[in-house]
Amino acid sequence: MLKGKNAVVTGSTSGIGLGTAKELAKAGCNVVLNSFTDNEDDHALAAEIEKTYGVTARYIQADMSKGEACVRLIEEATKALGSVDILVNNAGIQFVSPIEEFPPEKWDAILAINLSSSFHTIRTALPGMRKAGWGRIVNIVSAHGLTASPFKSAYVSAKHGMMGLTKTVALETAEVDITCNAICPGYVMTPLVEAQIPEQMKVHNMSREDVIREVMLDRQPSKEFATVEEIGGTAVFLCSPPARQITGTSISVDGGWTAL
Ligand code: NAD
């Protein structure tokens, strides 16, 4: 369905980013994977996608906490694939702490990676999309872009910021065949979520099982984690012809969390 389109997925060596890159490749898209590391495993992931889905896949190292690296990612991806038609802004980190003890450097890092990186990638990718007359921007936001939880001040702020960025870019591109939308997952079991469990166990003084059931899935009425394939499949839908008039909005994939 997306044969011949070229996609960049930021932060795509694990979790939702990797799952989304695979779903895009399954739909026929060439993909650029990205993270801040540069080792054999990173390049092997791209090679595996090429082999499995018969598309072109590349790995490009770029630290999404740095504006100039975000720009370089889009420039190198354009050189490698010929264009960037689909941009999935996915890179994100988390830190959990009461605001009084929240380290300012963690705030800065979360705002840089979870919000500002998308400003840099979008503004670099848009001229090429405008020239081609087609583009799809998918921002992986969160239920925390629509609602808040305690102890996640930086994450919730950055994700709410992403919702504003999504709407603004959609308005600025509304008269071209370019759309910009957000996907708002609830809890998806990925390394990012796995890493929060010990901290949440400490904060709530609970066992691992209780944190999963009573804290994480407490607000997810389905009582199931979403899968990376479900998030990736939603991204593919947003890039597909029936989604042409969907822009400046979000799709929640949260088992009913934000319906509560
Ligand atoms: P993850 O930790 O599994 O993957 C994050 C990816 O980003 C990794 O590939 C990592 O290498 C990369 N990354 C981290 N810092 C980077 C940097 N400075 N530069 C480039 N790449 C960097 O996380 P995930 O759970 O797959 O989360 C992906 C996105 O989905 C994030 O934006 C997150 O906020 C969002 N999200 C996740 C969940 C969930 O439950 N897992 C829910 C809602 C939203």
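Let us look at the structure shown here. (Residues numbered from 1 in each chain as written. Predicted model: local features only at pLDDT ≥ 70, side-chain atom pairs only at ≥ 80, totals over all residues. Heavy atoms only, no water.)

Describing the pairing of strand 3 (residues 57-61)
So, point 1. Pairing analysis gives 5 bridges linking strand 2 (residues 30-35) to strand 3, with the strands arranged parallel. Within strand 3, the position partnered with Asn-34 by the bridge is Ile-60. (Pairing = 2+ DSSP bridges. Helix = DSSP H or I, 4+ residues; strand = E, 2+ residues; numbered from the N terminus.)

Re the packing of aromatic side chains
So, point 1. All chains considered together, the criterion is met by 2 aromatic pairs.
So, point 2. Look at Phe-95 and Phe-102: their rings are 5.4 Å apart centre to centre, the planes differ by 85°, and that puts the pair in the edge-to-face class.
So, point 3. The exposure class assigned to Phe-95 is partly exposed, which follows from its relative accessible area of 24%.
So, point 4. Taking the relative accessible area as the measure of exposure, Phe-102 reaches 9% and is therefore buried.
So, point 5. With centroids separated by 5.6 Å and ring planes inclined at 20°, the aromatic side chains of Tyr-187 and Trp-257 adopt a geometry described as stacked. Of this pair, Tyr-187 sits in the loop between strand 6 (178-185) and helix 6 (191-204) while Trp-257 sits in the segment after strand 7 (250-253), placing them 70 residues apart in sequence.
So, point 6. The exposure class assigned to Tyr-187 is buried, which follows from its relative accessible area of 9%.
So, point 7. The class of Trp-257 is buried, set by a relative accessible area of 5%.
So, point 8. Across from the ring centre of Trp-134, 4.0 Å away, lies the NZ or CZ of Lys-5, which sits over that ring. (Phe/Tyr/Trp six-rings, centres within 6.5 Å; stacked < 30°, edge-to-face > 60°. Buried < 20%, exposed > 50% of the residue type's maximum accessible area, 1.4 Å probe, protein only. Lys NZ or Arg CZ within 6 Å of the ring centre and 35° of its normal.)

Quick word on the pattern of salt bridges
So, point 1. If you walk through the whole model with that rule in mind, you get 10 salt bridges.
So, point 2. A salt bridge links Lys-26 to Glu-23; its shortest N-O distance comes to 3.3 Å. Placement of both Lys-26 and Glu-23 in helix 1 (residues 15-26) is noted, with a separation of 3 residues, approximately one turn of the helix.
So, point 3. For Glu-23, a relative accessible area of 14% translates into the label buried.
So, point 4. Two residues, Arg-136 and Asp-177, come together in a salt bridge whose shortest N-O distance is 2.9 Å. Note that Arg-136 is positioned in strand 5 (residues 135-140) and Asp-177 in the loop between helix 5 (153-172) and strand 6, a separation of 41 residues in sequence.
So, point 5. By sharing partners, the salt bridges in this structure join Arg-136, Asp-177 and Arg-244 into a single network. (Salt bridge = Lys/Arg side-chain N within 4 Å of Asp/Glu carboxyl O.)

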